Structures are given as C-alpha cells and as structure tokens.
Amino acid sequence: MENVDNKILDAARIDGCGEFQLLVRMVIPDALPSIMTAAFLIFLDTWNMVEAPLIFLNDTEKYPLSVLYNSISASGMNFAIGVICLIIPFLLFGLVGERLKDYLEV
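Please read all numbers here as calculations on a predicted model, not as lab measurements.

Draft legend 1. The overall build of the protein, seen in detail. Looking only at helices and strands, one finds five helices and zero strands in the protein. The helix and strand sequence of the protein, counted from the amino end, reads α-α-α-α-α. For the protein, the C-alpha radius of gyration of 21 Å lies well beyond 13 Å, the compact-globule estimate for 106 residues. For the protein, the spread of C-alpha atoms along the three principal axes comes to 65 × 30 × 20 Å. For the protein, with 106 residues in total, the buried portion stands at 21%. For the protein, the share of sequence-separated contacts (at least 6 apart) that also reach a separation of at least 24 residues comes to 40%. Approximately 8200 Å² of the protein is accessible, and the part contributed by carbon and sulfur atoms is 65%.

Laid out in structure tokens, this is it:
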C-alpha cells in the first residue's frame with residue numbers, strides 16, 4: 001500500500017477526498033489483488049489445518065474434513081474424500097481468479 005502513487009492521492013485530495021475516501025476509493029482498489037491473494041492463501045492454510053482441531057475440539061463430529069481425510073487413510077475412500085476436500089478450494093480459487101483477472105487486464 002506504500003507503493004500507491006502520491007500524485008494520484010494528491011489529485012484526489014485536491015478534488016476533495018478525505019483520508020477515509022482515499023483509503024476506500026484509491027488505496028484498497030489498487031491493493032485488492034494482493035489482499036485477495038493473501039486472503040486465499042490464509043484460507044487454504046486454515047482449510048488444511050489438522051493439528052488445531054484435534055487440540056481444541058473434543059467432539060469428533062465437529063472435526064473438519066482435513067482431519068477426517070487423515071483418519072480414513074487406511075480405508076479405500078481416500079480419493080473420494082480427497083475430491084470432497086478440494087471442491088471448495090477449487091471453487092474459491094476460480095472466484096478469486098476471475099476477480100483478479102478483471103484487475104490484471106489492461
């Protein structure tokens with residue numbers, strides 16, 4: 001966010017934008033691809049978390065799919081559960097990718 005061109009911000013200030021409007025209308029849209037990428041990577045890190053649910057959740061019915069996938073590795077359902085675990089990240093990646101494509105086109 002420090003790399004936003006100061007000339008653009010100064011021009012917006014001359015046009016009457018306040019600091020909040022500068023943030024919302026100039027800085028955040030300029031940094032949105034970076035913000036969306038960071039959010040997607042944080043989501044993937046949280047989605048694939050195995051240790052924290054084992055520590056914090058006592059009820060096995062509340063375990064996320066990643067823990068279920070690791071616990072079923074001995075049975076023949078690895079592929080089916082792996083596909084189920086990948087559906088939501090792939091959908092989210094498609095949505096983020098489409099949104100980023102709009103920003104990256106010149």
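Draft legend 2. Examining the packing of aromatic side chains more closely. What the rule picks out here adds up to two aromatic pairs. Ring geometry for phenylalanine 40 and phenylalanine 93: centres 5.6 Å apart, planes at 45°, overall tilted. Here the residue phenylalanine 40 occupies a position in helix α2 (residues 19–47), and phenylalanine 93 occupies one in helix α5 (residues 78–104), the gap between them amounting to 53 residues. With relative accessibility at 11%, the residue phenylalanine 40 sits in the buried group.

Draft legend 3. Broad picture of the packing of helix α1 (residues 6–14) against α2. Across the interface, α1 lies against α2 with an axial gap of 11 Å and an inter-helix angle of 130°. One way to sum up the angle between α1 and α2 is to call them oblique. In this structure, the crossing between α1 and α2 has a hand that is right-handed. On the side of α1, the interface is formed by Ile8, Leu9, Ala12 and Arg13, while α2 contributes Glu19, Leu22, Met26 and Val27.

Draft legend 4. The environment of lysine 101, seen in detail. Following the sequence through the fold, lysine 101 ends up in helix α5. In this structure, the C-alpha to C-alpha distance between lysine 101 and alanine 80, residues 21 residues apart in sequence, is 31 Å.

Draft legend 5. Structural context of the pattern of salt bridges. Per the stated rule, a full pass over the model turns up two salt bridges. When the shortest N-O distance is used, the salt bridge between arginine 13 and aspartate 10 registers 3.2 Å. With a gap of three residues between them, arginine 13 and aspartate 10 both fall in helix α1, about one helical turn apart. Given a relative accessible area of 37%, arginine 13 falls into the partly exposed group.

Draft legend 6. Highlighting the confidence of the model for the protein. When pLDDT is averaged along the protein, the result is 81; 91% of the residues meet or exceed 70. Ranking the elements of the protein by mean pLDDT puts helix α4 (residues 65–71) last with 73 and α1 first with 88.

Conventions adopted
Residues numbered from 1 in each chain as written. Predicted model: local features only at pLDDT ≥ 70, side-chain atom pairs only at ≥ 80, totals over all residues. Heavy atoms only, no water. Helix = DSSP H or I, 4+ residues; strand = E, 2+ residues; numbered from the N terminus. Rg over C-alpha atoms; globule rule 2.2 N^0.38 Å. Buried < 20%, exposed > 50% of the residue type's maximum accessible area, 1.4 Å probe, protein only. Contact = heavy atoms within 4.5 Å. Areas by Shrake-Rupley, 256 points an atom, 1.4 Å probe, with all protein chains shown as cover. Phe/Tyr/Trp six-rings, centres within 6.5 Å; stacked < 30°, edge-to-face > 60°. Axes fitted to C-alpha atoms, helices over the stretch in contact; angles between N-to-C directions. Parallel < 35°, antiparallel > 145°, perpendicular 65-115°, else oblique. Left-handed = near helix turned anticlockwise from the far one by under 90°. Salt bridge = Lys/Arg side-chain N within 4 Å of Asp/Glu carboxyl O. pLDDT = per-residue confidence, 0-100.

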